[in-house]
Structure formats: structure tokens, C-alpha cells
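Below, each chain spelled out in residue letters.
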Amino acid sequence: MCGIVGLFLKDKSLEPKLGEMLSEMLVSLSDRGPDSAGIAIYGSGEKKKSKITIQSADPDKDFAGLGKELEKEIGAKVGVIVKSTHAVIEVPTAKLEAARDAILKTRPAVRVMGAGEVIEIFKEVGLPADVVKRFNLTKMSGTHGIGHTRMATESAVTTMGAHPFSTGPDQCLVHNGSLSNHNNVRRELKRDGMSFETENDTEVAAAFISNKMAHGDNLGQALEKTLTDLDGFFTFVVGTKNGFGVVRDPIACKPAVMAETDQYVAFGSEYRALANLPGIEDAKVWEPEPAKVYFWEH
């Protein structure tokens, strides 16, 4: 089942309200997935700085003294902002991979949620309202974001099994559906150097798109290739540093609705997720067509 939301802002005056708007959209779909929930926010970033969002089952232990230890490991200034079970680590972009390696070396129990210049990902087991409250997501600002509430069908209910999945810098994906060939695709991607944290089919879809973009495709081209290379029922909503994309499989049995105004583009698994957006009464509202890629970029 699952519920997906996405919001891509065109109007900068709405950016301070992105977290509030996206959270309300997600909470409205709570009954589509009671297992776990998550949101990715594309916010502001500082020049030559990047972020790594991490999660810990024991944050008091794992986050204590982490900033100082990372500074010693990578030889650069590190910022740490703790939000419940997650922390956002800010490092010089040139030290991003070194910092990621140092985190896993000094805190092997910590899991990386995502990394990039502007992306922050927060996800946990529980209802959307609880996840929103835990991470104070309504106060976050940004240019675009995606969210997901999960009803598990093919893998365990865990934090790492929750969406969004991030497999490339400033890239993430949420998914409603089930892929039938994900094991074969995973093997092919591993041979091409991709690594995986879970057995979840959605992580394979995210890695597939990241891999195509790493080989030169833009977001639209990568989404087009999901239609020929991935088998199953799926609706994908994808975020990149500057972009927002949507694609449904050729049968398109999973529900989806979109809306566009001069201020935003919005996606929801059901119209109720869009019902309270500003100006929705005057928006262009439509059901995205099967096997058609939609994407927008700033």
C-alpha cells in the first residue's frame, strides 16, 4: 500500500514553510502505512560544505564527542546537530568521503541515511505524526522534499527499511509498489561498484537511478530507463539537488495524483494529501500517465 508525497517549490516565499507543508501532506496519508515514515528535505547549504545525516539506535553513546573525534580523523572543522536518533554532520565538501569513512570507523553501529550539499533525511519506525514530531520537521525550510509512510510487504520493519533511500550525493527515492527483478538488478549494480545496506527492493531502484546518473544521464533519462529495466508495479518519486521527478510503471495500478501552480508542483498517493495546499482550488490537477516521466529542475 504505502503513501508517497512530494513538493517542489517554485515560489521562494514558500521555502520557510516546506517542512510544515510536506509534513501535513504525509500525516494525511498515515493509514496507507503504519510501519515507518521518513522525509527528505532539500534545504540551504554553505559554499564548499556538505552534510551527512546519520542514525543511531543509541544516540547518547554514539553522538557523544563525535564532532571532536571526526575533526581529529579528517583534520578539518566539523559541525554536529543532533535531532533525536539522527545527527546532521557538516564537513568541508572536499572531506566528505573521508568524513563518511571516519564515522563508520569510530562509530561502527551508526547508519548513514544520506549525504550531499543540501539533503537531510530523517526516518524511523512509527507513524508519520510521531516521526514529524520527533525530528521537528515542521520547522524545516527548503526548496523541495519527498516523504513516505510505509506498509511493509517484502522486508522487515526497521529504520533502514524505511524510505527515502539515498544511494548517491543529494539523491533519494520513495516508492509505492514491488519490484520482481530487484535481486538480478542488485547483482548487476554490485558488479558496477554499487553497495547496499538492505535487501529492500526500493534501495535497488534508488541505486539504479544513482548509477545511471553517475554514468551521465540526467534525472529524466534515468527515470526513462526504469521503464525498460525494472519489472514490477511501481510509482517512484525522486529528489536530486536541483530536481524532482515522478514515474509510474506501464500498468500504473498504484494510485497517484499531481498538482501544479505558479508556486509549486505537488505529488500525493491520494488527493487528500494535496487538499490543503495554498491555491489548490486553482491548480492544474491530474493523474500522471502510465510509463511517462515527469520532472522539474530549479
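This text gives an overview of the structure that appears in the document. Bear in mind the structure is a predicted one, so any value in this text is a computation, not a measurement. (Residues numbered from 1 in each chain as written. Predicted model: local features only at pLDDT ≥ 70, side-chain atom pairs only at ≥ 80, totals over all residues. Heavy atoms only, no water.)

A word on the overall build of the chain
Counted only if it meets this: Helical segments are the DSSP runs of H or I of at least four residues, strand segments are the runs of E of at least two, and each set is numbered from the N terminus. To get the radius of gyration, use the C-alpha atoms; to get the globule rule, take the number of residues to the power 0.38 and multiply by 2.2 Å. Buried means the residue's accessible area, taken with a 1.4 Å probe over protein chains only, is under 20% of the maximum for its type, while exposed means over 50%, and partly exposed covers the values in between. Residue contacts follow a heavy-atom distance rule, with two residues in contact if any of their heavy atoms lie within 4.5 Å. A 1.4 Å probe and the Shrake-Rupley method give the accessible areas. Residues count as covered only by the protein chains that appear here. For the purpose of counting charges, residues Lys and Arg are taken to be positive, whereas Asp and Glu are taken to be negative. His and the chain ends are not included. The atoms used to mark charge sites are NZ of Lys, CZ of Arg, CG of Asp and CD of Glu.
Along the chain, the regular secondary structure elements total 8 helices and 16 strands. For 298 residues, the compact-globule estimate of 2.2 N^0.38 gives 19 Å, and the chain sits close to it at 18 Å. Dimensions along the principal axes, computed over C-alpha positions, put the chain at roughly 55 × 45 × 35 Å. Within the span of the chain, comprising 298 residues, buried residues form 57% of the whole. A sequence separation of at least 24 residues applies to 69% of the contacts in the chain between residues at least 6 apart. With an accessible surface of roughly 12500 Å², the chain has 49% of that area assigned to carbon and sulfur atoms. Side chains of the chain carry 35 positive and 41 negative charges; the gap between the two charge centres is 5 Å.

As for the pattern of salt bridges
Here the idea is simple: oppositely charged side chains can pair when their charged atoms come close. To keep it simple, the criterion reads: The salt bridge definition used is simple: a Lys or Arg side-chain nitrogen within 4 Å of an Asp or Glu carboxyl oxygen.
Counted by the stated rule, this structure contains 17 salt bridges. With a closest N to O distance of 2.6 Å, Glu260 and Lys10 form a salt bridge. Of this pair, Glu260 sits in strand β13 (residues 257-260) while Lys10 is found in the loop between β1 (3-9) and α1 (18-27), placing the two residues 250 residues apart along the sequence. Residue classification places Lys10 among the partly exposed positions, given a relative accessible area of 37%.

Considerations on helix α7 (residues 201-214)
The cut-off we apply is this: To estimate the expected span of a helix, subtract one from its residue number and multiply by 1.5 Å. Pairing of N or O atoms within 3.5 Å defines a polar contact, subject to two protein rules: one partner must be a possible hydrogen donor and the other a possible acceptor, and residues neighboring in sequence count only if both atoms are side-chain atoms.
Over its 14 residues, α7 extends 20 Å from the first C-alpha to the last, a length consistent with the 20 Å expected when each residue adds 1.5 Å. Those residues of α7 lying buried are Asp201, Thr202, Glu203, Val204, Ala205, Ala206, Ala207, Phe208, Ile209, Ser210 and Asn211. The inward-facing, buried residues of α7 contact β9 (165-168), β10 (171-179), α6 (182-191), α8 (219-229) and β11 (232-239). Its side-chain oxygen placed 2.7 Å from the backbone nitrogen of Thr202, Asn200 serves as the N-cap of α7. Two residues or fewer after α7 comes Gly216, characterised by a positive phi angle close to 110 degrees.

Structural notes on the state of the cysteines
This is how the line gets drawn: Two cysteine sulfurs form a disulfide in these notes if their separation is within 2.5 Å.
Scanning the entire structure with this criterion turns up 0 disulfides. The thiol of Cys2 is unpaired, and the distance to the nearest cysteine sulfur, on Cys253, comes to 12 Å. Here Cys172 stays unpaired: no disulfide links it, and the sulfur of Cys2, its closest cysteine neighbor, is 16 Å away. Residue Cys172 is classed as buried on the basis of its relative accessible area of 2%.

With respect to α8
The following threshold applies: This arc corresponds to the set of directions leading from the helix axis out to the C-beta atoms.
Every buried residue of α8 is accounted for by Leu219, Gly220, Ala222, Leu223, Thr226 and Leu227. Summarising the axial view, the buried residues of α8 lie within an arc of 165 degrees, below the 170-degree limit, and thus occupy one face. At the N-terminal boundary of α8, the capping side chain belongs to Asn218, with an oxygen 3.1 Å from the backbone nitrogen of Gly220.

Quick look at the side chain of His175
Within the element layout of this structure, His175 appears in strand β10. His175 gets classed as buried once you look at its relative accessible area, which sits at 2%. Residues within four places of His175 in sequence aside, it is in contact with Cys2, Ile4, His148, His163, Asp201, Thr202, Phe233, Phe234, Thr235 and Phe236.

Observations concerning the sheet that holds strand β6 (residues 111-116)
Condition: Strands pair, by our definition, only if DSSP identifies at least two bridges between them. Axis lines are fitted to C-alpha atoms, over the contacting stretch for helices. Their N-to-C directions set the angle, which ranges from 0 to 180 degrees.
Ordered by their spatial adjacency, 4 strands build an open sheet running β4-β5-β3-β6, and the pairing between neighbours is antiparallel. Bordering the open sheet on either side are β4 (79-83) and β6, each of which pairs with just one other strand. Strand-to-strand twist of the sheet, defined as the mean angle between neighbouring strand axes without regard to direction, takes the value 20 degrees.

Let's talk about the side chain of His182
Position of His182 relative to the elements: it lies in helix α6. Among residues more than four places away in sequence, those in contact with His182 are Glu199, Asp201 and Val204.

Details of the environment of Lys254
Relative to the helices and strands, Lys254 resides in the loop between β12 (243-248) and β13. Taking C-alpha positions, Lys254 is 40 Å from Asp60, a pair spaced 194 residues apart along the chain. Sequence-distant contacts of Lys254, that is, excluding residues within four places in its chain, are made with Asn176, Gly177, Phe233, Thr235 and Arg248.

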